[in-house]
Amino acid sequence: MGNQVWRAVVAGGAAAVFTAVAAPPAGAAEGGASFSRVQVNGGKPIVIGTTNEVMAPASFRMTTTKQGRWPAVFLYRNGGDRLWHAIETDDCVKVGPGVCDITERMYFQPREYDMRNSEAGAWKVGAEVYFKDGSGDSDDKGMTVYVQRNSRLTVNASPEPVVKGRTITVTGKVTRADWETRKYASYGGRHVSLQFKPAGSASYSTVKKVYANGSGNLKTTVKASRTGTWRWVYYGNTTTGASTSSGDNVVVK
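Throughout what follows, the structure given in this document is the object of discussion. Residue numbers here run from 1 along each chain, matching the order of that chain's written sequence. Local features in a predicted model are, by the rule used here, given only for residues with pLDDT of at least 70; side-chain atom pairs are given and counted only at 80 or more, and totals for whole chains, interfaces and linings are based on all residues. Side-chain descriptors were evaluated using all non-hydrogen atoms of the structure, hydrogens and water having been removed beforehand.

1. Here we look at the pairing of strand β9 (residues 93-96)
The pairing of β9 with strand β10 (residues 99-108) spans three bridges and is antiparallel. If you follow Val 93 over to β10, its bridge partner there is Asp 101. Hairpin connection between β9 and β10: a loop of two residues separates the two successive antiparallel strands, and Gly 98 in this loop has a positive phi of roughly 70 degrees. What makes two strands pair is DSSP finding at least two bridges between them. Secondary structure elements follow DSSP: runs of H or I no shorter than four residues count as helices, runs of E no shorter than two count as strands, and numbering proceeds from the N terminus.

Here it is in structure tokens:
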């Protein structure tokens with residue numbers, strides 16, 4: 001993406017699209033505004049797949065004595081590179097003289113814009129506003145947001161049905177989004193939990209943990225003791241989102 005960004009700003013109920021070149025926040029670069037109560041995606045990682053647009057909500061309070069336009073919070077790193085494809089901000093909700101509460105929606109569109117796998121991981125949060133006199137203010141908010149590649153898990157437990165005391169083989173595969181090919185690729189070496197939910201129960205419990213092989217394949221065996229549902233759970237890392245497979249029910253006779 002480099003430094004070229006797109007912004008969609010909602011003002012007076014009408015959306016307008018702007019292009020801008022990102023500049024690194026510099027801690028009140030020119031002054032004139034302060035930003036507080038900054039929130040991005042409820043503090044959760046932003047997980048992005050290969051095709052579907054992802055919207056991350058944001059909000060902040062801006063205090064200024066100047067007339068500002070295009071206020072926004074954004075993600076940046078590497079001296080100013082930004083990560084988002086479109087931003088919508090709502091009109092100022094006045095809470096006092098020169099004080100506005102603003103809500104925002106940050107959009108990520110992997111099907112429309114090129115994304116690099118290296119963009120997964122930690123991003124800093126900045127806030128900015130431009131003034132009618134040509135100046136502006138851009139602040140580093142000292143926050144970190146993780147942007148992650150989506151992961152997926154499959155599961156198969158067999159045989160079905162099975163005689164009590166016999167062996168059940170549970171297999172599966174871990175994959176994750178490759179933003180550069182826009183496909184899901186094997187994610188080898190992951191530590192994944194095998195979970196079981198007995199028939200009639202509402203919750204799963206972890207039975208064992210298994211490492212996927214180099215191709216992302218999972219395989220383990222368990223003794224058949226009672227009817228229930230098996231699934232895999234991967235808890236993710238700083239660059240990859242957590243995922244849970246569907247459940248595979250096995251009847252034990």
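2. Notes on the packing of aromatic side chains
Between the rings of Phe, Tyr and Trp (Trp by its six-membered ring), a pair exists once the centres lie within 6.5 Å; its type follows the angle of the planes, with under 30 degrees stacked, over 60 edge-to-face, and the other angles tilted. Counting across every chain of the model gives five aromatic pairs. Summarising the aromatic geometry, the rings of Tyr 187 and Tyr 234 are spaced 6.2 Å apart at their centres and angled 85 degrees between planes, so their arrangement reads as edge-to-face. With Tyr 187 in the loop between β15 (183-186) and β16 (191-198) and Tyr 234 in strand β19 (residues 228-234), this pair connects stretches of sequence that are 47 residues apart. With respect to burial, Tyr 187 and Tyr 234 carry one shared label: buried. Partly exposed residues are those whose accessible area sits between 20% and 50% of the maximum for their type, while under 20% is buried and over 50% is exposed, using a 1.4 Å probe and protein chains only.

3. Some remarks on unusual backbone geometry
Following Ser 158, the chain continues into Pro 159 via a peptide bond in cis, with omega recorded as 0 degrees. By secondary structure assignment, the location of Pro 159 is in the loop between β13 (151-158) and β14 (167-178). In this structure, Pro 161 follows Glu 160 across a cis peptide bond, with omega equal to -5 degrees. On the secondary structure map, Pro 161 appears in the loop between β13 and β14. Of note, Arg 37 is a non-glycine position whose phi angle comes to about 55 degrees, a positive value. Checked against the element boundaries, Arg 37 lands in strand β3 (residues 33-40).

4. Remarks on the side chain of Arg 149
Here Arg 149 is to be found in strand β12 (residues 136-149). Buried charge without a partner: Arg 149 forms no salt bridge, and the closest opposite charge is Asp 178, 4.7 Å away. A polar contact of 2.7 Å, which involves the side chain of Arg 149, links it to the backbone oxygen of Ala 177. Note on contacts: a residue pair qualifies if any of its non-hydrogen atoms lie within 4.5 Å across the two residues. Residues contacting Arg 149, with those up to four places away along its chain left out, are Val 47, Ile 48, Asn 117, Ala 120, Arg 176, Ala 177, Asp 178, Trp 179, Thr 239, Thr 240 and Gly 241. Only four residue types enter the tally: Lys and Arg on the positive side, Asp and Glu on the negative side, with His and both chain ends excluded. We define a salt bridge as a contact between a side-chain nitrogen of Lys or Arg and a carboxyl oxygen of Asp or Glu at a distance within 4 Å. For this analysis, a polar contact is any N or O atom pair within 3.5 Å, provided that within protein one partner can donate a hydrogen and the other can accept it, and provided that sequence-adjacent residues contribute only side-chain to side-chain pairs.

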